[in-house]
Amino acid sequence: MKIILDKAFAKASGFISPDVFKTYKNPAEEMNKALHNKSGRGSDFLGWVNLPNEIDNAFLNNIEETAKTIRAKKIDVYVVIGIGGSYLGAKAVIDALSDSFSHLKGDKPAILFAGHNIGEDYIAELRDLLKTKEWAICVISKSGTTTEPALAFRILKQDLEDRYGKAEAVSRICAVTDAKKGALKTLANEEGYKTYIIPDDVGGRYSVLTPVGLIAIAIAGFDIRALVKGAQDMAKATAAEVAFEKNPACQYAAARHILYSEGKKIEILVNYQPKLHFMSEWWKQLYGESEGKNGKGIFPAAVDFSTDLHSMGQYIQEGERILFETVISVANPNREILITEDKANLDKLNFLAGKRVDYVNKMAELGTQIAHVDGDVPNIRIEIDKLDEYNLGQLIYFFEKACGISGYLINVNPFDQPGVEAYKKNMFALLGKPGFETETAMIKGRIVK
Ligand code: PA5
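Residues numbered from 1 in each chain as written. Predicted model: local features only at pLDDT ≥ 70, side-chain atom pairs only at ≥ 80, totals over all residues. Heavy atoms only, no water.

Asks: Looking at this model, I keep getting lost on the site of the ligand. Mind explaining?
Replies: Surveying the vicinity of the ligand reveals 13 residues, the closest of which are S86, S141, S143, T146 and Q285. Between S86 and the ligand, the recorded distance is 2.7 Å, taken from a side-chain N or O atom to an oxygen atom. Between the ligand and Q285, the relevant distance is 2.5 Å, taken from an oxygen atom to a side-chain nitrogen or oxygen of the residue. Contact with the protein chains covers 89% of the free accessible surface of the ligand, which is 380 Å². (Near = heavy atom within 4 Å. Polar contact = N/O pair within 3.5 Å; in protein donor to acceptor, adjacent residues only side chain to side chain. Areas by Shrake-Rupley, 256 points an atom, 1.4 Å probe, with all protein chains shown as cover.)

Asks: I tried to follow helix α8 (residues 120-130) on my own but got confused; where do I start?
Replies: Every α-helix winds through 3.6 residues per turn, so residues three or four apart in the chain are directed the same way. If you check which residues of α8 are buried, you get I123, L126 and L130. For α8, the angular spread of the buried residues around the axis is 65°, confining them to a single face. Residues of α8 that are exposed and point over 90 degrees away from its buried face: E120, D121 and E125. In this fold, the buried residues of α8 make contact with β2 (77-81), β3 (110-114), β4 (135-141) and α9 (147-164). (Buried < 20%, exposed > 50% of the residue type's maximum accessible area, 1.4 Å probe, protein only. Helix = DSSP H or I, 4+ residues; strand = E, 2+ residues; numbered from the N terminus. Arc of directions from axis to C-beta. Contact = heavy atoms within 4.5 Å.)

Asks: Would you explain the domain arrangement of the chain in this entry?
Replies: Size of an interface, as often reported, equals the accessible area lost when the parts are brought together. Domain annotation of the chain identifies domain 1 (4-42 + 228-409) and domain 2 (51-225). Facing the 25 residues of domain 1 at the interface are 26 residues of domain 2. Summed over both partners, the interface of domain 1 with domain 2 buries about 2,200 Å², with 63% contributed by carbon and sulfur atoms. If you sort the residues of domain 1 by the area they bury against domain 2, V228, K275 and F278 come out on top, with a joint share of 31%. Note that E289 is salt-bridged to R205, the shortest N-O span being 3.0 Å. Taken together, the links from domain 1 to domain 2 amount to 11 residue pairs in polar contact (both at pLDDT 80 or more). (Domains from an automatic or database assignment. Buried area = accessible area lost by both parts, 1.4 Å probe. Salt bridge = Lys/Arg side-chain N within 4 Å of Asp/Glu carboxyl O.)

Structural data, given as structure tokens:
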């Protein structure tokens, strides 16, 4: 199974001329090589490039063992604490693979997330829920110092200890963090938590195939081996020696760069399967944090169709012409529903009798693509066979590889995120964090003015 990258709708309307597309062969291949031979910017953070092939059986066994031990405690809820790259990958994969109503159907354990916001109601309501459940925690932070997860962990760790006693609480906590530094590493050592390491050379948003993503995915009951196999196969399909003409990551990077050069400054990732909502959130972080710097970068947005055709559809069809869409199309849903004949036919839907619901969805997809292209919104289409671990593994690595190439094409470092620090500095200054005295005085002065 491969990802089909279809630019027909981008080309047909003259958005991407085949001649211009061909000129990207050398640059895209060069950028891909730079990722592999570590000759480009941010070369200290390229551990993700060969990561799928470096994952061995012993590592997977270890994660599966941990998952088995935690699941053996008959937990109802597994709370995964993390933010950004320490949250979105696991959330995206688990949502894409889970029954849409699994929590209500009583599937166990439910994977719930914390530390990705500072909403007091959210934390309070989660604590209420946990009082009536069996539960355990995975706390994830590469730096080990991020405020949101640290705060959530402080509160929930205390609740866990109050509920189960110190020793049992320790056996219910797993920490994923840096090998040496950070407050979480110190805490994990002191308390004796089972700890997994995030490799130094893998940044948060490229870390879903490390313990950051794999532990929660395994505890949710999904096949991490198939996920990794999908990523391995996509690593082969997008390797440095695979020519532009056959390399989907090079082609996607080239297509979006051409559209960006033509003034299409916003890319909307489109899905027609609501389970992919968080895959789009993961993708937004990957591309937004990797490319949005030095006054450059495509703004990554996302919609869930057909839901959002009844809201954002109007803007996309007729608003400012600065958009292009990348559609993730899932060829085969995992379930089948046939539309039945109705004698009265008061809803006038008998013309669809005998057809699958997915047939209607696919016609919505095709009709929308044609309409949006007619409205000057170029469309790229990425087709995957179905929503399973293997295909998601492919999709994840495909987007990561294309993101690295894309960042190099606009000449930014796709592996840092200096802009994220600005809000933190102000927040710490406003909170009066020790060490920020000068910033506190300055920011308070600005507020008075
Ligand atoms: O991609 C990134 O590096 C960021 O989004 C981080 O993952 C996020 O800020 C969380 O950082 P940490 O894992 O250090 O708590």
